[in-house]
Amino acid sequence: MEAAQTAPIPPQTAIGLMSGTSLDGLDIARSRFERTETGRIRGELLNFESVPFPDDLAARLRALYTADAREWAACAADFSTWCAEAVLATGFTADVIGFHGQTTFHEPASGFTAQLASGAHLHALTGIPVVCDFRSLDVALGGQGAPLVPVTDALLFPEAEVAVNLGGIANLSERDSRRAWDIAPCNLLLNGLAARVGEAFDRGGERATRGRVIPELAAALAGLSYHGKPAPKSLGREDVDAHWWPVIHRFDDRPVDDLLATVTADVARHVGAAIGPRAALITGGGAWNAQLMACIAESPGLRLLPASREIIDGKEAHSFALLAWMRLHGLPNTWASVTGALRDSCGGCIYGDVGQVLA
């Protein structure tokens, strides 16, 4: 068994599909992975494209939280068909596709998480084996089902003591401890505030830069109970709606720029504190927010590692390509030290014949 876990695996390609809680669109990464003679896993992001959601599809995805079961099933088919068409339009080919799906419900304390995805439709239309539903096994084992990207951080970016993704929710993974957790809502809040003035997001953090921090709001956000909980811990959109937005709504009479300044500073403070005086790789859409990054960089001793545009935008999709490749080869792709599950596991449901891939 030990030899099977370390035997060389020749280079193979995988496509990763990621659409986050910000609902910006579909990220498509084409990557190559191998396991060397020494047992080390190596990976390279070969190609990356991001495709915005059509307005009607984005609206359906936003409404899923209150949709009925019929709409869930119909949207899963339509969403996965659209994803397949997006993959085919890129011309990318691969041995397997890792399909994260669109997280709609995430309640591990209640024993479930749900990502909208039909691996059957994606496989039927692309002809490529598909791995999806990465999180459910971990939740069934008592884990948070999140974050999953720390596996990629540890295996493919060993120079980073800490890796942070600034997506809809900011999350962090530690290299040495193999621990990870969700820090705080990020773009879910910033984009929601920008939408009040008709903007998709606060470009470069310009509005936050012009605004002034509201001390009372800053104190209320800092006092939210989630920040005092130990890891492992994770957040879903429902947590943000239940705890963060009600605090912000108490200050709806204040200028949007001031709200953005306050929330940006709050996110930066929690992210900086979580990183500490370590070398950090920061990726995700929030990495393009200059004001947010400047505030994070003020944290004592923190060192920011350089990252290419492809890695900043595509690391999450790259990660799900890796998780799918690991699932095909029976390698643990979800670590209990990260999620709090009873044991490590190899998560993901497979659609399609993988015989040729494993031959």
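In this text, all values refer to a predicted model and were calculated from it rather than measured experimentally.

A. Representation of the overall build of the chain within the structure. When helices and strands are tallied, the chain shows 15 helices and 13 strands. Taking 21 Å as the expected radius of gyration for a compact globule of 359 residues, we find that the chain reaches 20 Å, a close match to that expectation. Projected onto its principal axes, the C-alpha coordinates of the chain cover approximately 60 × 45 × 35 Å. Here the chain holds 359 residues, and 54% of them are scored as buried. For the chain, the proportion of contacts with a sequence separation of at least 24, taken over those separated by at least 6, is 69%. Only carbon and sulfur atoms are counted for the fraction: they give 52% of the accessible area of the chain, which is about 15,000 Å². Computed over 29 positive and 41 negative side-chain charges, the inter-centroid distance for the chain is 4 Å.

B. Structural context of the packing of helix α3 (residues 69-90) against helix α4 (residues 119-126). Packing of α3 against α4 brings their axes to within 8 Å, and their N-to-C directions diverge by 35°. In this structure, α3 meets α4 at a crossing whose hand is right-handed. Residues Ala77, Ser80, Thr81, Cys83, Ala84 and Leu88 of α3 form the contact with α4, whose own contacting residues are His121, Leu122, Leu125 and Thr126. A per-class count over the contact of α3 with α4 returns six nonpolar, four polar and no charged.

C. Spatial organisation of α3. Taking 1.5 Å of rise per residue, the 22 residues of α3 would be expected to cover 32 Å, and the 32 Å separating its terminal C-alpha atoms lies within 8% of that figure. Within the sequence span of α3, burial applies to Cys75, Ala76, Ala77, Phe79, Ser80, Trp82, Cys83, Ala84, Ala86, Val87 and Thr90. If you check the start of α3, you find a side-chain oxygen 3.3 Å away from the backbone N of Arg70, and it comes from Asp68.

D. The arrangement of unusual backbone geometry in detail. Cis geometry is found at the peptide bond from Ala146 to Pro147, where omega equals -15°. Inspection of the secondary structure puts Pro147 in the loop between α5 (136-140) and α6 (150-156). Residues Ala231 and Pro232 are joined by a peptide bond in cis, for which omega reads 5°. Note on placement: Pro232 falls in the loop between α9 (215-222) and α10 (237-249).

E. Quick look at the sheet that holds strand β3 (residues 41-52). An order of β3-β2-β1-β4-β7-β13 is seen for the six strands of this open sheet, with the pairing classed as mixed. The two strands at the open ends of the sheet, each matched to only one other strand, are β3 and β13 (349-351). The average angle at which neighbouring strand axes cross in this sheet is 20°, direction not considered. Where strand β7 (residues 130-132) lies against β13, three bridges are found, and the strand directions are antiparallel. Residue pairing across strands places Val130 opposite Tyr351, the latter belonging to β13.

F. Summary view of the pairing of strand β4 (residues 96-99). Here β4 shows two buried faces, one formed by Val96 and Gly98 and the other by Ile97 and Phe99. Inspection of the sheet shows β4 paired to β7 by three bridges, in the parallel sense. Paired with Phe99 across the strands is Cys132, a residue of β7.

G. Looking closely at the nonpolar core. Counting residues in each nonpolar core, the largest one holds 45 residues, and the members touching the most others are Leu166, Val271, Ile275, Ile282 and Ile296. It is helix α11 (residues 256-275) that contributes the most residues to this core, nine residues altogether. In contact with Ile275, other than residues within four places in its own chain, are Val162, Val164, Leu172, Ala280, Ile282, Ile296 and Leu302. Ranked by size, the runner-up nonpolar core spans 33 residues in total, among them Phe157, Ala321, Trp335 and Val338.

H. Structural view of the side chain of His270. Structurally, the position occupied by His270 is in helix α11. In contact with His270, other than residues within four places in its own chain, are Ile183, Ala222 and His227.

Each value, and the rule that gives it
Residues numbered from 1 in each chain as written. Predicted model: local features only at pLDDT ≥ 70, side-chain atom pairs only at ≥ 80, totals over all residues. Heavy atoms only, no water. Helix = DSSP H or I, 4+ residues; strand = E, 2+ residues; numbered from the N terminus. Rg over C-alpha atoms; globule rule 2.2 N^0.38 Å. Buried < 20%, exposed > 50% of the residue type's maximum accessible area, 1.4 Å probe, protein only. Contact = heavy atoms within 4.5 Å. Areas by Shrake-Rupley, 256 points an atom, 1.4 Å probe, with all protein chains shown as cover. Lys, Arg positive; Asp, Glu negative; His and termini not counted. Charge placed at Lys NZ, Arg CZ, Asp CG, Glu CD. Axes fitted to C-alpha atoms, helices over the stretch in contact; angles between N-to-C directions. Left-handed = near helix turned anticlockwise from the far one by under 90°. Nonpolar A, V, L, I, M, F, W, Y, C, P; charged D, E, K, R; others polar. Expected span 1.5 Å × (residues − 1). Polar contact = N/O pair within 3.5 Å; in protein donor to acceptor, adjacent residues only side chain to side chain. Pairing = 2+ DSSP bridges. Core = buried A, V, L, I, M, F, W, Y, C linked by side-chain atoms within 4.5 Å.

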